[in-house]
Amino acid sequence: MIFQICPFLFVVLTNLCSNTQVYASPVLLWANVNLPRSTVSLSTLSSLDFISNYVCQIATEEIQLRIFTVNDLTIEGVQQGLQSDYPLLLDVKKAETNFRYYPNVADDIYQTFLLLQSNTKQCPSKSFQLKSSENFDKLDDALHKMEEKIADVGTDTSSTVLFAIINHPVDNRKLYRQRRQTTTNASFVLISNNNTCMFYAKQLHWNDVNGSLSGARVYKLNITDSSCESTISPIGNRSSVVLKLIWTNDQIPSDIVNMSLTTTIIGLYWTLENATINGEEYRYFAYGMHSQMETPPTYSYVCTTATFVRYNALYDKYGQYNFSKKFYITNLQFQPFNSSQLTFGLPNYCTSFFTRGIWMAITSSLLCLGILLFAIYHLMAIKSNDRFDDPKGKPLFIKTQE
């Protein structure tokens, strides 16, 4: 039985791993009528299944569709909005609202929405009319616009209105999980003189990546004043690259951030050894823990939102983290070694290989397997009775008192 279970566990884990490789993004829906309330799978949901299982299940026949696309819409962005107590996103947690959140929907959902007007096979009894399609750089702007439209709709249910916030479609699948083509935007990429070091980032956010905190500030990289210098240590053939990045605040020209990133390549990987900003040490955090961006020499490191936390190495022998002091770099792509002047190397994403779904499957499978092995162990320990009465011996008499 154990040998029969092992192949089953292998198939389950393989499917989970393969699902994480499908390009997907979150989708937010709001309608002035009741939306289907069903369990949403954590795995990637195809656009056709999403339309069939959720959109086509709306009771009315005529539906007006309004689409709000957001550049680089990610699950991390939605989660950060939830943590900052954004009013509209908080409705996702309430079962009685008409607001629904779907974390992983295939990226071709935008094209599928557009085809709903002409393709009646997917929803044969429905008639869709695309009223508007607007694009936004930030999720906050899209949510503000949706709130305005919701207020305009009000309680009028004479016509069904469906609002959808989805990821903005891009050509050639040039998503944040793909390498960026530096041939089209080389002026925004820091390239060293020897063309082996490349750095790209959209913005640096101080304290709050969403800009909702009072002390939040936004900076842009000054390519002209920034530099990338490489050195080779005579001991152990250790190569290092130091990036000196200058970030400027467009609103306050005198507000300048000096940042230094030190990377080292030894053996099969290059790592981020040190990060300082305005003379203070920070450490890079990925999936909840300190990370050194371990990446193969010919690969680039890619992260939609890279988080750096203040670190005091002199506090004690273990050091101390100050999570109240953070800065974020959005749309980071970084390759200090072996890059070309045209493109970055293959991407090494900042996401962990073992996602929550994989850990849940492994934990549940090991628990069930442990229970099964425990039961088999005790079944194998059962022995037949090896002591019987001798028919030629004297019978056993037990005296009893009345």
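Residues numbered from 1 in each chain as written. Predicted model: local features only at pLDDT ≥ 70, side-chain atom pairs only at ≥ 80, totals over all residues. Heavy atoms only, no water.

Asker: What's the story with the state of the cysteines in this structure? I'm lost.
Answerer: Every disulfide links exactly two cysteines, by a covalent bond between their sulfur atoms. The full count for this structure, using the stated rule, is two disulfides. Note that Cys-197 is cross-linked by a disulfide to Cys-228, the S-S spacing being 2.0 Å. One disulfide, between Cys-197 and Cys-228, carries an S-S torsion of 100 degrees and so falls in the right-handed class. On the criterion of sequence distance, the pair formed by Cys-197 in the loop between strand 6 (190–191) and strand 7 (198–200) and Cys-228 in strand 10 (residues 227–233) is long-range, its members being 31 residues apart. On the basis of relative accessible area, Cys-197 is assigned to the buried category, the value being 2%. Here Cys-303 is linked by a disulfide to Cys-350, with a sulfur-sulfur distance of 2.3 Å. Between Cys-303 and Cys-350 the sulfur-sulfur dihedral comes to about 75 degrees; the bridge is accordingly right-handed. (Disulfide = S-S within 2.5 Å. Helix = DSSP H or I, 4+ residues; strand = E, 2+ residues; numbered from the N terminus. Buried < 20%, exposed > 50% of the residue type's maximum accessible area, 1.4 Å probe, protein only.)

Asker: Is there a simple way to explain helix 6 (residues 139–153) in this structure?
Answerer: In an α-helix there are 3.6 residues to a turn, and that puts residues three or four apart on one side. Its 15 residues place the ends of helix 6 21 Å apart at the C-alpha level, agreeing with the 21 Å of an ideal helix rising 1.5 Å per residue. Taken together, the buried positions of helix 6 are Leu-139, Ala-142, Leu-143, Met-146, Ile-150 and Val-153. Buried residues along helix 6 cover an arc of 95 degrees about the axis, so they all sit on one side. Facing away from the buried side of helix 6, by more than 90 degrees, are the exposed residues Ala-151 and Asp-152. (Expected span 1.5 Å × (residues − 1). Arc of directions from axis to C-beta.)

Asker: Looking at this structure, how should I read the pattern of salt bridges?
Answerer: Pairing of side chains with opposite charge becomes possible as their charged atoms draw close. Tallied over the entire structure, the rule returns four salt bridges. Note that Asp-250 and Lys-220 form a salt bridge whose closest N and O atoms lie 3.8 Å from each other. Within this pair, whereas Asp-250 is found in the loop between strand 11 (238–248) and strand 12 (256–266), its partner Lys-220 is found in strand 9 (residues 217–221), the two being separated by 30 residues in sequence. Here Glu-280 makes a salt bridge to Arg-310, at a shortest N to O gap of 3.4 Å. You can see Glu-280 sitting in strand 14 (residues 280–286) and its partner Arg-310 sitting in strand 16 (residues 300–312), a full 30 residues away along the chain. You can call Arg-310 buried: its relative accessible area is 17%. (Salt bridge = Lys/Arg side-chain N within 4 Å of Asp/Glu carboxyl O.)

Asker: Just checking my understanding: could you explain the UniProt feature "transmembrane region" (unreviewed entry) in the protein for this structure?
Answerer: Residues annotated in UniProt with the feature "transmembrane region" (unreviewed entry) correspond here to residues 357–377. As annotated, residues 357–377 comprises 100% helix and 0% strand, and the C-alpha atoms at either end are separated by 30 Å. (UniProt positions renumbered as here; feature names shortened; annotations may be inferred.)

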